[in-house]
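The primary structure of each chain is shown beneath.
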Amino acid sequence: MKKGWFVVGIIILFMMLPSVLALCVGDFNNDGFVNSGDIAVFSANFNKVCSPSDSQCLLADLNKDGKVNSGDIAIFSFNFGKSCNKKTIIFQFDDVQADWLENVAVKVVNVHISQGIPITIGVIAQNLKSQESNPNSLTSSLKKWYQNNSNIVEIAQHTYNHCCSYSSWSLFKQTEDMQRAQQEFASFGVYPKTFIPAFDWGNANMLQAALNSGLEVMLDATKNDIIQSPRILDNGTWYLYNFKTLDYSTVSNIVDKSSSSYLIVGSHVQDFQNQATIDKLALLLQQLKDSGKYNFKTAYQYYSSS
Ligand SMILES: [Zn+2]
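Worth saying up front: this structure is predicted, and the values here are computed from it rather than measured.

Definitions and cut-offs
Residues numbered from 1 in each chain as written. Predicted model: local features only at pLDDT ≥ 70, side-chain atom pairs only at ≥ 80, totals over all residues. Helix = DSSP H or I, 4+ residues; strand = E, 2+ residues; numbered from the N terminus. Contact = placed C-beta atoms within 7 Å. Axes fitted to C-alpha atoms, helices over the stretch in contact; angles between N-to-C directions. Parallel < 35°, antiparallel > 145°, perpendicular 65-115°, else oblique. Left-handed = near helix turned anticlockwise from the far one by under 90°. Nonpolar A, V, L, I, M, F, W, Y, C, P; charged D, E, K, R; others polar. Buried ≥ 20, exposed ≤ 12 C-beta atoms within 10 Å, placed from the backbone. Pairing = 2+ DSSP bridges. pLDDT = per-residue confidence, 0-100. Core = buried A, V, L, I, M, F, W, Y, C linked by C-beta atoms within 7 Å. Arc of directions from axis to C-beta.

**Student:** Looking at this structure, how should I read the overall build of the protein?
**Tutor:** Check the secondary structure of the protein and you find 11 helices and 11 strands. Here the analysis covers contacts within the protein between residues at least 6 apart in sequence; of these, 70% occur between residues at least 24 apart.

Printed below as a string of structure tokens:
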């Protein structure tokens, strides 16, 4: 091959490479970008032969030849300025229902709306009905979110009345419960596509019952993510019980260490009865957003984009 063609080939290769890196080689500070923030680790170890215990040197040794030198500079400068594939965080918020902590549920969802960070809310269908027959503030909020904020707020079904585990129920009984709930939502114009079981994963009938009821995505599985119909999303569900760990460093650490490309961060409406907790959530969302490291999706948005 003539030299000229070789150069053209290299240029075309560069043009074809995506500006988003699948593997974030050179992102030493793990912020989702290979940029000036990563130079320090690199320059501190330049020209070193790495001893097996020198983790920083081994980190900077990008081509794994045991030394940090020009071969590593080539890789680092090639990746410089690029961003890495971002992980997705799905916020799941359970036990939302009429006549109990409605104001709390509305406050939490409003925090997500004002921050522009999606949330999937697991709503218990009983008592919602149309506003005319059974007025409650939650029904009108759900309707409003479904009509105006569907890019941020996903309304998922969390069974008809959260009475029971589905584990001993027949296919017929599970289908009946799910469809009864779907009808309740439909009575005020809301059509959930995601199902969150009440207490546990239930039994083998649950997937068929979901299909019978027009539900496409399942959360809270005991299994890992399985691509099938309906789609099970689970791998890495992490619950923020009591919010002792509701801070940026805890959440980002768990997401960064997870081997999955997404993490579901779950909570319950009852966790937010204290305004201070809602304020902590607002701060957490702001910091996650400001980090630039993550994508945020509802469960259904993740399902339809993956
Ligand atoms: Zn629940």
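Picking up where we left off.
**Student:** Explain the environment of A181 here, please?
**Tutor:** Assignment of secondary structure puts A181 in helix α7 (residues 171-186). Taking C-alpha positions, A181 is 9.6 Å from V123, a pair spaced 58 residues apart along the chain.

**Student:** Explain the packing of helix α5 (residues 102-115) against helix α10 (residues 275-291) to me, please; I cannot follow it from the model alone.
**Tutor:** Remark: α5 packs on α10, axes separated minimally by 10 Å, with the N-to-C direction vectors making an angle of 25 degrees. The angle between the axes of α5 and α10 places the two elements in the roughly parallel class. Note that α5 runs across α10; the crossing there is right-handed. Side by side, α5 and α10 meet where K107, V108, V111 and Q115 of the first sit next to I278, L281, A282, L285, Q286 and K289 of the second. Residues belonging to the contact of α5 with α10 are distributed by class as follows: 6 nonpolar, 2 polar and 2 charged.

**Student:** Would you explain the pairing of strand β3 (residues 87-96) in this entry?
**Tutor:** Remember that side chains alternate between the two faces of the sheet whenever the strand is regular. For β3, a buried count of 9 out of 10 residues is recorded, marking the element as mostly surrounded by other parts of the structure. The pairing of β3 with strand β10 (residues 262-268) spans 7 bridges and is parallel. Note that in β10 the partner of T88 across the bridge is Y262. Sheet topology places β3 next to strand β4 (residues 119-123); 4 bridges connect them, and they run parallel. The residue of β4 that forms the bridge with F93 is I121.

**Student:** Hey, could you run me through the confidence of the model for the protein in this one?
**Tutor:** Predicted coordinates in regions of low pLDDT should not be interpreted in detail. Mean pLDDT over the protein stands at 83; residues scoring 70 or higher make up 82%. Within the protein, the lowest mean pLDDT, 48, falls on helix α1 (residues 3-16), and the highest, 98, falls on strand β5 (residues 153-157). In this model residues 9-18 is a low-confidence stretch, pLDDT under 50, and it forms 0 contacts with partners more than four residues away in sequence or in other chains.

**Student:** How should unusual backbone geometry be read in this particular structure?
**Tutor:** When glycine is set aside, most residues are seen to have a negative phi, and most peptide bonds are trans. Of note, the phi angle at K64 is positive, near 55 degrees, even though the residue is not glycine. Of note, K64 is situated in the loop between α3 (55-60) and α4 (70-79). In this structure, D99 takes a positive phi of about 70 degrees despite not being glycine. With respect to the helices and strands, D99 occurs in the loop between β3 and α5.

**Student:** Any chance you could explain the nonpolar core here in plain terms?
**Tutor:** For soluble globular proteins, the rule of thumb is that nonpolar side chains tend to be buried together. Formed by 57 residues in total, the largest nonpolar core has its most connected members in I89, I121, V123, I155, A210 and A299. In terms of residue count, the dominant contributor to this core is β3 (5 residues). If near-sequence neighbours (up to four positions away) are discounted, I155 is found in contact with I121, V123, L142, W145, Y146, V190 and P192.

**Student:** Which parts of the structure should I look at to understand the packing of helix α9 (residues 248-257) against α10?
**Tutor:** For the pair α9 and α10, interaxial distance at closest approach is 9 Å and the crossing angle is 50 degrees. The angle between α9 and α10 falls in the class oblique. As α9 packs across α10, the resulting crossing turns out to be right-handed. In this structure, α9 uses Y248, V251 and S252 to contact α10, whose residues at the interface are L284, Q287, L288 and S291. Here the residues of the contact of α9 with α10 are counted per class, giving 4 nonpolar, 3 polar and no charged.

**Student:** How do you make sense of the environment of L211 when you look at a structure like this?
**Tutor:** Considering the arrangement of structural elements, one finds L211 in helix α8 (residues 206-212). Owing to 14 C-beta atoms within 10 Å, L211 belongs among the partly exposed residues under this scheme.

**Student:** It is not clear to me how α9 should be interpreted in this structure. Could you clarify?
**Tutor:** Because an α-helix completes one turn every 3.6 residues, residues spaced three or four positions apart along the sequence face the same direction. The set of residues buried in α9 consists of V251, S252 and V255. When α9 is viewed along its axis, its buried side chains cluster within an angular range of 95 degrees and face the same direction. In α9, the exposed positions angled more than 90 degrees off the buried face are occupied by S249 and K257. Those residues of α9 that are buried lie in contact with β3, β10, α10 and β11 (294-296).

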